[in-house]
Amino acid sequence: MIVSKMRITPERIKPAIWLLVAFFMAVLVGAAVWQIWSLRETAVRTSEEKVERFVSGAEVALNHNMLSIDLLLSGAQDMLQLQPAADAQAESRMLAVVARSNLLVSRVALVDAQGRVRASSEPSGALQELSLPTAFLASVVSSAAQRLYISTPVLSFATTQQVLYFARPLAGRNGQRLAAVAEVPLAKLANVLTQGHEVSGLEIVFEQNDGRRMLALPDLPEADSPLALRNDAPLPDHAWNTPARISGVPALVASRQLVYPNLRVSVSLPEDEALDDWELERTAVVVAALVFCAMVVLAGTVAVAVFDRMAQARQNIADAKALLDQALESMVSGLILLDARQRVVHWNRRFVELFPWIRGAIAPAMPFRKILEQSVVHLLPSGSDAERQQWVALRLAQKQDDSGIREQVLPDGRCIHVMERPTPEGGWVITYHDVTDLRRANEEIEHLAFYDPLTGLPNRRLLLDRLGQALVLAQRSGKVGALLFLDLDHFKALNDTLGHEVGDELLQEVAHRLLANVRVADTVARLGGDEFVVMLSDLSTSSQEAAALVQRIGEKVLRSLSEPYDLRGHAHQGTASIGATLFGASAQAAIELLRQADIAMYQVKARRGNALCFFDPKMQTALNDRAQLEADLHQALVARQLVLYFQPQAALQGEVMGAECLLRWQHPQRGMVSPGQFIAVAEESDLILHIGQWVLYSACTQLARWQDQPQFAHLQLSVNVSARQFRQNDFVHQVIETLQVTGARAHLLTLELTESLVLDNVEDAIDKMHQLRTKGVRFSVDDFGTGYSSLAYLTRLPLHQLKIDQSFVRNLGSRPSDDVIVQTIIGMGRNLDLEVIAEGVETEAQKALLIAHGCDLYQGYLLARPMPVEDFERTFASPAAQTL
């Protein structure tokens, strides 16, 4: 008997797994529902017990306390009847004794029908009126029944608290109707209701049977309670889904009738509060059930996934060969697969596209040698049979040595990379990749790396490479070469006015002219911008002859470049600056040569260009000295080597009015360095900004110090401001902030500006000067008369002072033209209501002429040389010394 087994497949097993998952989930859901119901029943029972316990306690407490108040009032009546005569003070003392017997009662009083207090338990004995409702008092006094009456809540006049009044009627000795009244604060009665227990979530109401509220916890104004709750409907002992007595929400409500008629106490527990803990437990049960359900579903999913992956694995194995075939056909490289006997197993479409002559001839199991024999006819069309056979044998031998990638050039110029790799079975995988486009791209990248894309000239990298080679050849051959560094004059102006397109066209034309004026063996390169370099090799074994050749070639280049250009319809006449240096006489680095030619070129620039200049070692020395000076100046700011000297300024009558701050540099090696040696270096870098700010801060600090010294408090200080410092956008802010930080008085600070600085941008200068003028800062025009002065701008500038340049003062009395200039400046200052100060006064004769012309102030060696602040203060410490 043959027994056949049923094959278990994923399609059959998955429904069984999901049925098992559904069964477990149903069990979990059922258990969760039962647990939630059980927890809710427990919560309901617990809430009912809590409410019953609380309402019973509240009932007993209220009955007990109300009975004690009733007894207290009855006892007061009996004690009053024992009094031999009507005595208010005696009655008050008696009532005080009665009131002390009950802590709930704040006071007890005896009131007549008109509400007047006849006796009171107040300690002071004062008969303060009670806040008794009129209708309540009338009903008590007129009642013939001896029972306890309770008022609605009212506001006590004496304590400003909500109170209840408990009263009993009684008859006076003369038959007058009276009432014994006890005042009970609602706050104390609230403590009775809560019995000292936690009442969170409970709503407690002490009320009359008609729904009028006596006390509620928590207290909610009765006007805000639902209207439906304010009625005389009877309340059940306890019931669910009943409106709460305060909030009106569905709640568990329990009520008890008190021993005194028409009074009841009710306790409400909102269903949300009663079931709050149950809802948390329910949530926990639901979450736990969901977690377990998720775990069951996850387990089922994992089981199904395992069976699916098993099926997918079998499908992947079935699809692998089809996918591989598709991938081989999609390759950009040609491929052919050979077996261990060098026969064709497989090839792709790209292989036939690369070698179209084998289309139709190639077939499975075809020997690879036959493919080579058919290909060699096309690869070597003009070759002999022996050459072709040799090529085939060489090709088969190359395959055996496993040398990796080989290159094969086809008759149409295409370049094919051939890569051969052995297989584990002894066969071969050969791929053919067309790299023709890649080769062309590499050539283009190489060209971009070494040539300027705009002019096609070699760039800096290729120039340095060729220069390095030329230096080696020059050392071997003994022939001198030269390097010309060329920079177009005024190229930036052309770019800014006519645009970059025209500028690019000029650069291309310059490149053509340079190439036309040198030999083919020479190198013309573009470094960038408008900078070109010409390298001349093998000029001569004599440096003098080589220099003469360079001079002629350079002049020829300059003449060529100075010829007119036609740039997109614009006629342009240009010049260039050329720096030259020779090489070959000694070993030098390419970068060093390039730098020397650059230095020589800048010498030409300094002489207005359009010339050629050879490098001189003295230029390098000067440049190095300048660089070292700049480095030392950096260090001077850090090491505080800069100091201020003060040259006094005085009226011509002799009174010292102030001083000019002059900068000095106390260098540890150079000694005292004057500004003329380092200011130019500072102005070419950002150092002038830091130095200018330091001078301004130091001067303001000195002014602030002198404020506490009466002999110097009136002195003014003048500070020179550089053009770069003044042109800063935040210059005004810097000055104001410095004055604020140091505490110096602004009217004692004078900023000296040059004429050229002001005229460079008159509107900006006027704006900044006006801003500072409003703060009290004074302004002076330094070296007045040396520039191109204009009355038009002088009348607009908020100036205080003109300073006559020392070049005019020096020749007073000896050169009539200078006398006229000085008189003119003094007259101009007087007409414009400006002070005029003369600098560089060295003789009494000069001073006398200035007095004769009406000059206001002067400074110079005649008065005093510049000196440190210590010497200045020592020299002019006394008032007599300040009058010279």
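Going by the structure above, here's the rest.
Overview of the structure. Source: prediction; values computed, not measured.

About the cut-offs
Residues numbered from 1 in each chain as written. Predicted model: local features only at pLDDT ≥ 70, side-chain atom pairs only at ≥ 80, totals over all residues. Heavy atoms only, no water. 1 Å grid on protein atoms, 1.4 Å probe; cavity = no way out; pocket = protein on both sides within 12 Å on 5 of 7 lines; lining within 4 Å. Points joined across faces, edges and corners; volume = space filled by probe spheres on them. Helix = DSSP H or I, 4+ residues; strand = E, 2+ residues; numbered from the N terminus. Nonpolar A, V, L, I, M, F, W, Y, C, P; charged D, E, K, R; others polar. Pairing = 2+ DSSP bridges. Axes fitted to C-alpha atoms, helices over the stretch in contact; angles between N-to-C directions. Salt bridge = Lys/Arg side-chain N within 4 Å of Asp/Glu carboxyl O. Buried < 20%, exposed > 50% of the residue type's maximum accessible area, 1.4 Å probe, protein only. Core = buried A, V, L, I, M, F, W, Y, C linked by side-chain atoms within 4.5 Å. Contact = heavy atoms within 4.5 Å.

1. Let's talk about the layout of surface pockets
Reasoning step 1: If you add up the space inside the largest pocket, you get close to 950 Å³.
Reasoning step 2: With five residues, strand 25 (residues 656-667) is the single largest residue contributor to the lining of the largest pocket.
Reasoning step 3: Grouping the amino acids of the lining of the largest pocket by side-chain chemistry returns 16 nonpolar, 13 polar and 10 charged.
Reasoning step 4: Empty space within the second largest pocket amounts to approximately 380 Å³.
Reasoning step 5: Around the second largest pocket, the lining comprises 17 residues; the ones closest to its centre are Leu-644, Trp-694, Ser-698, Gln-702 and Arg-705.
Reasoning step 6: Of all elements in the fold, only strand 24 (642-651), helix 18 (687-706) and helix 27 (869-875) reach the threshold of two or more residues within the lining of the second largest pocket.
Reasoning step 7: In terms of residue count, helix 18 provides more of the lining of the second largest pocket than any other element does, six residues in total.
Reasoning step 8: Here the lining of the second largest pocket is built from residues that sort into nine nonpolar, four polar and four charged.

2. Things to note about the sheet that holds strand 16 (residues 428-434)
Hydrogen bonds between backbone atoms are what pair the strands of a sheet, whose relative direction is either parallel or antiparallel.
Reasoning step 1: Pairing is antiparallel in the open sheet, where five strands are placed in the order 13-12-16-15-14. Among the strands making up the open sheet, the edge pair consists of strand 13 (344-347) and strand 14 (405-409). This sheet shows a mean twist of 20° between the axes of neighbouring strands, independent of strand direction.
Reasoning step 2: Relative to strand 15 (residues 415-422), strand 14 is paired through five bridges, and the arrangement is antiparallel. In the sheet register, Arg-406 faces strand 15, and the bridge partner there is Val-418.

3. As for the pattern of salt bridges
Reasoning step 1: Going through the model one piece at a time under the given rule, you end up with 24 salt bridges.
Reasoning step 2: Among the salt bridges present, the one from Arg-107 reaches Glu-183, with a minimum N-O distance of 3.6 Å. Residue Arg-107 is found in strand 1 (residues 107-112), and its partner Glu-183 is found in strand 6 (residues 177-185); the two are separated by 76 residues along the sequence. Neither residue differs from the other here; Arg-107 and Glu-183 are each classed as buried.
Reasoning step 3: With a closest N to O distance of 3.9 Å, Arg-440 and Asp-437 form a salt bridge.

4. So, the nonpolar core
Burial of nonpolar side chains together is a common tendency in soluble globular proteins.
Reasoning step 1: Counting 81 residues, the largest nonpolar core has Val-735, Leu-749, Leu-751, Leu-772, Val-777, Leu-799 and Ile-804 as the members making the most contacts within it.
Reasoning step 2: By residue number, the principal contributor to this core is helix 18, which donates 10 residues.
Reasoning step 3: Those residues in contact with Ile-804 that lie beyond four places of it in its chain are Phe-784, Val-809, Val-822, Ile-825, Ile-826, Val-836, Ile-837, Ala-838 and Glu-839.
Reasoning step 4: Ranked by size, the runner-up nonpolar core spans 50 residues in total, among them Val-55, Leu-186, Ala-254 and Leu-263.

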